[in-house]
Amino acid sequence: MNNFLNVIERDLKRLWNYKIFIFTNAITFLVQIFIYAFILDFLVDDLNYTQFYAAGVAILTLWSFGMWAAWEIADERSEGVIDYHLTLPLSRTEYVLGRMIGGTLRTIIYSLPLFIIFLFVTGFGSILNLLSVFGLLFLFAFGVTGFGVIIGSFSKEHTKLSFILGLIDAFLIRLSTIYYPERAMQYWMQFISRVNPLTQASDALRWGLNLPGSSITLYTILFLVLFSIILVGVAIRVYSRRLEGGLAT
Amino acid sequence: MSMLAIMERDLRNFFKYKYWIVVLLITNLADLLIMAASFSNLVTETSLLLSDYLIFFAPGITVLSLFGASFIMGIEVSQERHSERIHYLLSLPINRFQFIVARAFAGAIRSMIFSIPLLIIAIIMIGFQSFLNLIFVLGALFVLAMGLTSLSIILATAIQNTRRYQLARGFISMWLMFGSTVFYPRDVMAYIPGMGIIADINPLSFGANIVRGLLDPAYASTIRALDIIGLLLFSGLMVYLGLYFYNRYTKTA
């Protein structure tokens, strides 16, 4: 247990290693809400676009911070730091799970100040709904970190990694309800959007904030829970295998 | 002749970033064909010269792609400093002035190559009024590309610290993207105090307004003297400052 906590602590201590990334991401978040979405709001009559967009961008922030795990894992593989980690007196499972929980907590800490600003923009209806959605979003962040770990485990080369992540972002983000509601999409986009974790997370957050026209279904909850469980499970298995070629012990 | 050799080298180097180029191109295409297409179904405001958001956005994304590709030159110059490849480049028997001008030209040509597919898509969507207009569009894009490439070279050579360079690049990118008429009409931006002025001093606005007006007669009135003078002034100034900063930097490298 102590070893496991040490791994989490180490990941949390590295929080400020990416301060430029965090800072520019935070400023982009604010500019997107207070300038980009605010201006586009004038073009859309039947929807409070600023609020709608703010919820989407909050999920996007969680997504991009969570996916940062891919860069970190890839960097460690290419720099050979993993060899050092493997010499430490802790089990493989403790190490892998510790890394993933550490990464998720870091994502939450990075996103928290932005979420607070975002709550000022949107307001919220019921504190109970909001807390339950935050629970779901923690699971979502855990799943996204797992996804980042899986991708980072397969590619240590920066060029290929940015290619893979760029492609995923280009389609997954645009084929979700992050930027626009499902009714604005064509039929084939709606179909993909419904099996897109970003859509489910954004819709859940909008429901938690009681934004007009938002709702949550059992499908959304099950989707987010399963998404996280499956990706975390796969991530543990893949990362353990890639570490040394053996299964988690 | 030596200038041509430098330009050829930079053009060859551009395709070294093939993964990056493909991702940037796919992202821009997704922005246009997925994001703008969906968003156009939401737009209900039609009184502000915005009958179809997709048609409005197509020239904007062409300019945005030009900007993205232009900034690759700055990243390359910055990397040359870190890898100390700049010493090798400066040891070549080429006049320094020619070397710098060739790099700016090569950067602009690279950006044009990158943005042409998006321009073709915009033309397919909007059509074009005459070949003369099309030549003016290409000319405007080239002038803008020269200015943006020079701006990226200024940033990479004037700011030596990598973190500060990344930060400055991030801030300038935000101003250029979100403070321009690429995504929304100037009249709508003006609803927010100060944003109209920000749009009026933004080179991407100059480019987007000119390309939009030249391609689509509905937007012909969006081209103002300010856009043409602004674009020429911006690019002229950036090329001059780019030469100054790059020259100063190569002397201290």
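Conventions adopted
- Residues numbered from 1 in each chain as written.
- Chains lettered and ligands numbered in written order.
- Predicted model: local features only at pLDDT ≥ 70, side-chain atom pairs only at ≥ 80, totals over all residues.
- Helix = DSSP H or I, 4+ residues; strand = E, 2+ residues; numbered from the N terminus.
- Rg over C-alpha atoms; globule rule 2.2 N^0.38 Å.
- Buried ≥ 20, exposed ≤ 12 C-beta atoms within 10 Å, placed from the backbone.
- Contact = placed C-beta atoms within 7 Å.
- Nonpolar A, V, L, I, M, F, W, Y, C, P; charged D, E, K, R; others polar.
- Axes fitted to C-alpha atoms, helices over the stretch in contact; angles between N-to-C directions.
- Parallel < 35°, antiparallel > 145°, perpendicular 65-115°, else oblique.
- Left-handed = near helix turned anticlockwise from the far one by under 90°.
- Expected span 1.5 Å × (residues − 1).
- Core = buried A, V, L, I, M, F, W, Y, C linked by C-beta atoms within 7 Å.
- Bend = angle between axes of the 7 residues up to and from the residue.

Tallying secondary structure elements over chain B gives eleven helices and zero strands in all. Secondary structure elements of chain B occur, N-terminal to C-terminal, as α-α-α-α-α-α-α-α-α-α-α. Taking 2.2 N^0.38 as the reference for a compact globule, 253 residues should give roughly 18 Å; the C-alpha atoms of chain B span a radius of gyration of 18 Å, in line with that estimate. Going through the 253 residues of chain B one by one, you find that 45% of them count as buried.

Moving on: the interface of chain A and chain B. You'll often see interface size given as the accessible area lost when the parts meet. At the junction of the two partners, chain A supplies 31 residues and chain B supplies 29 residues. Of all the elements in the fold, those that place two or more residues in the side of chain A that touches chain B are α2 (19-41) and α7 (158-174) of chain A. Of the residues forming the side of chain A that touches chain B, the biggest block, ten residues, is contributed by α2(A). For the side of chain A that touches chain B, the class distribution of residues is 22 nonpolar, five polar and four charged.

This part covers the packing of helix α6 (residues 131-158) of chain B against helix α10 (residues 203-215) of chain B. Packed helices, taken two at a time, are described by the angle between their axes plus the distance between the axes. Residue and element names in this part refer to chain B. Where α6 meets α10, the axes come as close as 9 Å, and the angle between the chain directions of the two elements is 170°. It follows from the interaxial angle that α6 and α10 lie roughly antiparallel. Across the interface between the two elements, Asn 133, Phe 136, Val 137, Ala 140, Leu 141, Leu 144, Gly 147 and Leu 148 from α6 touch Pro 203, Gly 207, Ile 210, Val 211, Leu 214 and Leu 215 from α10. In the contact of α6 with α10, the residues fall into eleven nonpolar, three polar and no charged.

All names here are of chain A. Interhelical geometry of helix α3 (residues 49-79) versus helix α9 (residues 197-208) gives an angle of 130° and a closest axis separation of 9 Å. As far as their axial angle goes, α9 and α3 are oblique. Considering only the axes of α3 and α9, their crossing is right-handed. Residue-level contacts link Ala 55, Gly 56, Ala 58, Ile 59 and Trp 63 of α3 to Leu 198, Ala 201, Ser 202, Leu 205 and Arg 206 of α9. Taken together, the residues of the contact of α3 with α9 break down into seven nonpolar, two polar and one charged.

This part is about helix α11 (residues 225-252) of chain B. Residues and elements named next belong to chain B. Over its 28 residues, α11 extends 40 Å from the first C-alpha to the last, a length consistent with the 40 Å expected when each residue adds 1.5 Å. Looking only at α11, the buried set comprises Asp 227, Gly 230, Leu 231, Phe 234, Ser 235, Met 238, Val 239, Gly 242 and Tyr 246. Against α5 (96-126), α6 and α10 lie the buried residues of α11.

The next thing to look at is the nonpolar core. The tendency in soluble globular proteins is for nonpolar side chains to be buried as a group. In terms of nonpolar packing, the biggest core is built from 138 residues, with Ala58(A), Ile59(A), Leu62(A), Leu205(A) and Val211(B) touching the most fellow members. Take this core: its biggest share by element is 18 residues, from α3(A). Other than its neighbours up to four places away in sequence, Leu205(A) contacts Ala55(A), Ala58(A), Ile59(A), Val133(A) and Leu137(A).

Attention shifts here to helix α2 (residues 18-40) of chain B. Compared with the 33 Å implied by 1.5 Å per residue over 23 residues, the 31 Å span of α2(B) between its first and last C-alpha is a close match. At Asp31(B), α2(B) shows its maximal bend, which comes to roughly 30°. Of all the residues in α2(B), the buried ones are Thr27(B), Asn28(B), Asp31(B), Leu32(B), Ile34(B), Met35(B), Ala36(B), Ser38(B) and Phe39(B). Where α2(B) is buried, its residues touch α7 and α8 (187-194) of chain A together with α3 (53-83) and α5 of chain B.

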